[in-house]
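Results of the structural survey
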Amino acid sequence: MSQSLSPALTDRLQTSLFALRLGVFIVMFVWTMDKFVNPGHSVVVFEKYYGLGSSDLISYLIGALQLLLVLAFVAGIKKRFTYGLIFLMHGGSTLSAFAKYADPFNSLLFFAAWPMWAACFALYLLRDADVKFTIK
């Protein structure tokens, strides 16, 4: 049974989804900028958590692609694609640090990844309702 949402609830939903999108964007944007500001850090992360060899050049290339993605995401462009990729990227990041969750009291900050991943999932599922400040 489908019900229409009241205008007030619709506005609160859209505002909440925008807040989630903006919050996820801020984290993803800073992670992206880290690839340009400190590419050596990205090289270490790729090797330690993903088992991939890397270089500063690869860090810059991935950073450029990620920058395009996070800007499209925050603008609400091609939501099925951009929100889906953000969800998958953050999921990969969250799960790649799985060993950290076995020692929670020495890895507390890693647990912040889980609610953010949940926010990415909610945004993906509710992407059609996330219309506040998006480019159509």
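Presented here is a report on the structure given in the accompanying data block. In this text the structure is predicted, and so the values were computed from the model without any measurement. (Residues numbered from 1 in each chain as written. Predicted model: local features only at pLDDT ≥ 70, side-chain atom pairs only at ≥ 80, totals over all residues. Heavy atoms only, no water.)

So, the overall build of the protein
To keep things clear, this is the line we draw: Strands are runs of DSSP state E lasting at least 2 residues, helices are runs of H or I lasting at least 4, and numbering of each runs from the N terminus. Partly exposed residues are those whose accessible area sits between 20% and 50% of the maximum for their type, while under 20% is buried and over 50% is exposed, using a 1.4 Å probe and protein chains only. Should any heavy atoms of two residues lie within 4.5 Å, those residues are counted as being in contact. Surface accessibility follows the Shrake-Rupley procedure with a 1.4 Å probe radius. Residue values consider only the protein chains on display as shielding. Working convention for charge: Lys and Arg count positive, Asp and Glu count negative, and His plus the chain ends are omitted. Throughout, a charge is located at the NZ atom of Lys, the CZ atom of Arg, the CG atom of Asp or the CD atom of Glu.
Along the backbone of the protein there are 5 helices and 0 strands. Put simply, the protein runs from its N terminus to its C terminus through helices and strands in the order α-α-α-α-α. With the principal axes as the frame, the protein shows a C-alpha extent of 50 × 35 × 20 Å. Within the protein, the fraction of its 136 residues that count as buried is 31%. Of the contacts made within the protein by residues no fewer than 6 positions apart, 67% connect residues no fewer than 24 positions apart. When the accessible area of the protein is evaluated, it comes to approximately 8400 Å², of which 73% is carbon and sulfur surface. Positive and negative charge centroids in the protein, built from 11 and 7 side chains respectively, lie 10 Å apart.

These figures capture arrangement, not role.
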